[in-house]
Amino acid sequence: MIRSVVTEVRRALARRLVRVVVLVALAGIVLAAAIAFANSSPDEVDAFSLDDIWTSDADGEYVLGGTASLFLFLALLVGASLVGAEYKAGTVTTLLTWEPRRLRVIGSKLVAAGLVAGGLFVVLQLLLVLALAFVVGVRGAGLENVPDDYYRGLAGFLGRGALIMAWCAVLAAGIATLGRNTTAAFGAVVAYVVVVESILRVLRPGWEAWYLPENVFTALEGRRLEEVARSAPGSALVLLGYLAVVVTGAVVVFARRDVT
Amino acid sequence: MPVIEVAGLRKEYRGPFGRRTRALAGLDLSVPAGGVFGFLGPNGSGKTTTIRCLLGLVRPSGGATRLLGAGPDGLAAVARRVGSMVETPQFFPNFSGRRNLELLARLDRIDTHRIDDALELVGLGARARSPFRTYSLGMKQRLGLAAALVKDPEVLILDEPANGLDPAGIKEIRDLVRRLGSEGRTVFVSSHLLGEVQQMCDRVAIVAGGRLVTEGPVGEVLARGRGKRLIVKAQPLDGALATLRAAHVPAAADGDRILVELAPDEAARVTRVLADSRIYVSELRPEEVDLETVFLELTGGEGAPST
């Protein structure tokens, strides 16, 4: 199983889409650092500080929170395309003649999708933190007087983020397995969140604790959000429940489907 | 023990509105170890479905398959010993041929030098590092064959391996398949190229309508279609034809020759009838039957086989 997962991860990392995503993210990191550099001065009262990168303040806005939202879409795309591309290229047949254990094949794909999305999130967010911290050090509020729990809190955010991105990618990969198509999977998730949940919000405002975005951001922040009557662990359980349904469906269908 | 066993194999595909298409209707097949086994049939006769059932890609509606003694649930135990190529092989388009094989070989911890060997063997060494999407159909076939050979398998299952190849490529593949068969491996080749099957296979099975029509050594299968007609050349042709017909010998003109509907062991009757009329034959031989003729006879002319 480990060999299958490693192979899938290597394949995912060698994919053009993933490489483009990484390149664009790296360019974005450089651009963000340049913008922060150009707009900050150590002499100003509101000079660029570590709190602008990440903060535990419930009311505070920070860069990593915004980029995490972007990463959610990228995780969806990476997860969906990892499986969708396999169907589009027709390589499932070739793969199954080498590894006929279908549970192992689909399991390794789902695990790889999660590992790649979660790993990319941590690595790219860390690079962003380093780039912005450099700006804070040379042209911002400085790196002195950092609160004791800052780095632990930041690590917690990155850890939760990695898990959420992995969740997102596995969900998308599961839907792509059911629909045998990247666009269908990506579109299904986006359409569900944008259309279905928007309608439900109007018709059933009391169901907010069950909607995807609320639970995703509650779990990501690691604390109860004002608009959601659910704790972070509660949201994580809800998300796991949704994932279990999709993954079970995907595994059952993949195990039984004729590959023609 | 047979390498491949198929018993009463049935498969029906269900369409989106519950419409059913029957691909296999109780196919029985037994492939002995060693040599090249041809699996012949017109388009839609169930060849590829049979192969997909054997490899666990498709769930049969009924019947049983065994590959190296393993049923569909036990294929993992024998997968390492089986190399296969199903229809036009598909790989990741943006990865090179070599990269595609590396990713597969990694699953079985196969040495990378085996990949290079396989690519050289199928004549793809020079283009091994080009993206798969730039390959011609023939090159895709070669890569599929290389993927099947990388495992150094005991059993090779090849579905239409000559698809898309030019005549020189077809000959190369034919020679390769024959060589693999002569090395003691079992090569199971499905094809509708009758001439190819006749030249490279030791045994052949013909399927039509999802059922086995005939099976056996190529020579025996050919013999089953032999002995139907004699070819006669004599001068004057018209006189010979009239003489034969007058003697109630079923005969018809066919260009500069006469086709006589008699078995070879009745050839003496032709010479006697003609000689009695002082017409002497310049040529008298049984009509040569090739696999195409047998195939068309046995399948009732179904499909459009290529020679």
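Going by the structure above, here's the rest.
Residues numbered from 1 in each chain as written. Chains lettered and ligands numbered in written order. Predicted model: local features only at pLDDT ≥ 70, side-chain atom pairs only at ≥ 80, totals over all residues.

## Regarding the interface of chain A and chain B
Part 1 of the argument: Facing the 21 residues of chain A at the interface are 24 residues of chain B.
Part 2 of the argument: Counted by class, the side of chain A that touches chain B contains six nonpolar, eight polar and seven charged residues. (Contact = placed C-beta atoms within 7 Å. Nonpolar A, V, L, I, M, F, W, Y, C, P; charged D, E, K, R; others polar.)

## Quick notes on the packing of helix α3 (residues 97-107) of chain B against helix α4 (residues 112-121) of chain B
All names here are of chain B.
Part 1 of the argument: For the pair α3 and α4, the least separation of the axes is 10 Å and the interaxial angle reads 135 degrees. With respect to each other, α3 and α4 are oriented oblique. Of the two possible hands of crossing, α3 and α4 adopt the one that is right-handed. Of the residues in α4, those in contact with Gly97, Arg98, Leu101, Glu102 and Ala105 of α3 are Thr112, Arg114, Ile115 and Leu119.
Part 2 of the argument: Among the residues making up the contact of α3 with α4, the classes are represented as four nonpolar, two polar and three charged. (Axes fitted to C-alpha atoms, helices over the stretch in contact; angles between N-to-C directions. Helix = DSSP H or I, 4+ residues; strand = E, 2+ residues; numbered from the N terminus. Parallel < 35°, antiparallel > 145°, perpendicular 65-115°, else oblique. Left-handed = near helix turned anticlockwise from the far one by under 90°.)

## Remarks on the sheet that holds strand β6 (residues 155-159) of chain B
All names here are of chain B.
Part 1 of the argument: Strand order in the open sheet formed by six strands is β5-β6-β7-β3-β8-β9, and the pairing between neighbours is mixed. With partners counted over all chains shown, the strands left at the sheet margins are β5 (82-85) and β9 (211-217), one partner each. Neighbour-to-neighbour, the strand axes of this sheet turn through a mean angle of 15 degrees, independent of strand direction.
Part 2 of the argument: Taken strand by strand, helix α1 (residues 47-54) contacts β3 (35-40), β6, β7 (186-191) and β8 (203-208), and its axis lies near 145 degrees from that of β6. (Pairing = 2+ DSSP bridges.)

## Let's talk about the sheet that holds strand β12 (residues 257-260) of chain B
Residue and element names in this part refer to chain B.
Part 1 of the argument: In space, the four strands of this open sheet follow the order β11-β12-β10-β13, with antiparallel pairing throughout. In this open sheet, the two edge strands, each paired with only one partner strand, are β11 (251-254) and β13 (281-286). Taken pair by pair, the neighbouring strands of this sheet meet at an average axis angle of 25 degrees, ignoring direction.
Part 2 of the argument: As defined by bridge partners, β11 adjoins β12 across four bridges and the pair is classed as antiparallel. Its bridge partner being in β12, Ala252 is matched across the sheet by Leu259.
Part 3 of the argument: Across the sheet, helix α10 (residues 267-276) lies against β10 (230-234), β12 and β13, angled at about 160 degrees from β13, the strand it touches most.

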